[in-house]
Amino acid sequence: MKFYEFNFDDKLLDGLDAMGFEKATPIQEEAIPLIMEGHDLIACAQTGTGKTAAFLLPILNKIVTTKNPKLNTLIIAPTRELAIQIDQQIVGLSYFLGISSIPVYGGGDGDTFVQQRKALMEGAEVVVATPGRLISLLNSGMVDFKHLQHLILDEADRMLDMGFSEDINLIIGYLPKNRQTMLFSATYPSTITKL
């Protein structure tokens, strides 16, 4: 299946062409239509099959077509490296779209914390965060998720293996109940169903 068959915005298709995307992978063919229709989703596919693009492409398309410059999407990832990697993919895919994103993760100095909080307050449309740093920012009372429309848990199985279940539930308590939720995972343990 070619990406234009998903009825993506022309600017998003330009970005896909520029990055060399030609044909959707099986996980993308299955997930993208469901996400574009607004369904919640649990998706399981092996590493390297295109899971990240499967959730980023429809979300970026929704953001660019609704033109609402508020914090729209929260992506939670288990590690700083994955958060940075996802943010870099957002930057590449949204190059022609003007969509802003920020990775939020710990390990930096106080200036990094202030910079991340400022970006959240000023309205990055997509936030890619690790659970610990996001909870620190939520505790500061300066993050507003009232306009959030999408929650994505990437590598959900790995987050649960790392003991982030309570943190994820705490974060979810700050989010609007009326949102689209997606869990992407390489494996499907019973803890994902419970979450």
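Here, every reference points to the structure presented above.
Conventions used here
Residues numbered from 1 in each chain as written. Predicted model: local features only at pLDDT ≥ 70, side-chain atom pairs only at ≥ 80, totals over all residues. Heavy atoms only, no water. 1 Å grid on protein atoms, 1.4 Å probe; cavity = no way out; pocket = protein on both sides within 12 Å on 5 of 7 lines; lining within 4 Å. Points joined across faces, edges and corners; volume = space filled by probe spheres on them. Helix = DSSP H or I, 4+ residues; strand = E, 2+ residues; numbered from the N terminus. Nonpolar A, V, L, I, M, F, W, Y, C, P; charged D, E, K, R; others polar. Pairing = 2+ DSSP bridges. Axes fitted to C-alpha atoms, helices over the stretch in contact; angles between N-to-C directions. Contact = heavy atoms within 4.5 Å. Buried < 20%, exposed > 50% of the residue type's maximum accessible area, 1.4 Å probe, protein only. Lys, Arg positive; Asp, Glu negative; His and termini not counted. Salt bridge = Lys/Arg side-chain N within 4 Å of Asp/Glu carboxyl O. Polar contact = N/O pair within 3.5 Å; in protein donor to acceptor, adjacent residues only side chain to side chain. Phe/Tyr/Trp six-rings, centres within 6.5 Å; stacked < 30°, edge-to-face > 60°. Core = buried A, V, L, I, M, F, W, Y, C linked by side-chain atoms within 4.5 Å.

Visitor: So what's going on with the layout of surface pockets? Residues and values would help.
Guide: A water-sized probe, rolled over the atoms, reveals where empty space remains. Reported here for the largest pocket is a volume of approximately 190 Å³. Contributing to the lining of the largest pocket are Gln46, Thr47, Gly48, Thr49, Gly50, Lys51, Thr52, Leu82, Gln85, Asp154, Glu155 and Ala186. The set of elements that each furnish at least two residues to the lining of the largest pocket consists of α3 (51–66) and α4 (80–93). A class-by-class count of the residues in the lining of the largest pocket yields two nonpolar, seven polar and three charged. The space that makes up the second largest pocket amounts to roughly 150 Å³. In this structure, the second largest pocket is lined by 13 residues; those nearest its centre are Leu71, Leu120, Met121, Gly123 and Asp144. The residue makeup of the lining of the second largest pocket, split by class, is seven nonpolar, two polar and four charged.

Visitor: Which residues make up the sheet that holds strand β3 (residues 101–104), and what are the values?
Guide: The strand order β1-β6-β5-β2-β4-β3 describes an open sheet built from six strands, whose pairing is parallel. Taken across any chain shown, the strands that pair with only one partner, and hence form the sheet edges, are β1 (41–44) and β3. Each neighbouring strand pair of the sheet contributes to a mean axis angle of 15 degrees, computed without reference to strand direction. The strands that α4 touches are β2 (73–76), β3, β4 (126–129) and β5 (150–154); relative to β3, the one it contacts most, it runs at about 175 degrees. Against the sheet, helix α5 (residues 110–122) makes contact with β3 and β4, and its axis sits at roughly 145 degrees relative to β3, the strand it touches most.

Visitor: Explain the side chain of Glu125 to me, and be specific about the residues and the numbers.
Guide: Looking at where Glu125 falls in the secondary structure, it is placed in the loop between α5 and β4. Put simply, Glu125 is tucked away with no salt bridge, and the nearest opposite charge, on Lys70, sits 11 Å away. Looking at Glu125, its side chain comes within polar contact range of the main-chain nitrogen of Ser100, at 2.7 Å. Beyond its immediate sequence surroundings of up to four residues, Glu125 is in contact with Ile63, Asn68, Pro69, Lys70, Leu71, Asn72, Thr73, Gly98, Ile99 and Ser100.

Visitor: Outline the environment of Val127, listing residues and values.
Guide: Inspection of the secondary structure puts Val127 in strand β4. Each residue touching Val127, except ones within four places of it in the same chain, is listed here: Leu71, Thr73, Leu74, Ile75, Ile102, Val104 and Leu120.

Visitor: Please give an account of the packing of aromatic side chains that cites residues and values.
Guide: Applying the stated criterion to the full structure yields five aromatic pairs. A centroid spacing of 5.0 Å and a plane angle of 55 degrees characterise the contact between Phe55 and Phe184, whose relative ring orientation is tilted. Of this pair, Phe55 sits in helix α3 while Phe184 sits in strand β6 (residues 180–185), and the two are 129 residues apart along the sequence. Assessed through its relative accessible area of 0%, Phe55 is described here as buried.

Visitor: Describe the pattern of salt bridges, naming the residues involved and giving the relevant values.
Guide: In this structure the tally under the stated criterion is two salt bridges. Between Asp144 and Lys146 there is a salt bridge, with its nearest N and O atoms 3.8 Å apart.

Visitor: Lay out the nonpolar core with the relevant residues and their values.
Guide: Within the largest apolar cluster, 37 residues are counted, with the highest numbers of intra-cluster contacts made by Phe8, Leu57, Ile75 and Phe184. Of all elements in the fold, only α1 (10–18), α2 (26–36), β1, α3, α4, β4 and β6 reach the threshold of two or more residues within this core. Here the element with the most residues in this core is α3; it accounts for nine residues. Among all residues touching Ile75, those that are not within four sequence positions of it are Phe55, Leu56, Ile86, Ile90, Val126, Val127, Val128, Ala129 and Ile152. In this structure, Leu137, Val143, Leu148 and Ala156 belong to the second largest nonpolar core, which totals 27 residues.

Visitor: Outline the environment of Thr52, listing residues and values.
Guide: Turning to its location among the elements, Thr52 is positioned in helix α3. The buried category is assigned to Thr52, whose relative accessible area is 16%. For the pair Thr52 and Gly92, spaced 40 residues apart in the sequence, the C-alpha separation amounts to 13 Å. Sequence-distant contacts of Thr52, that is, excluding residues within four places in its chain, are made with Ile86, Gln89 and Asp154.

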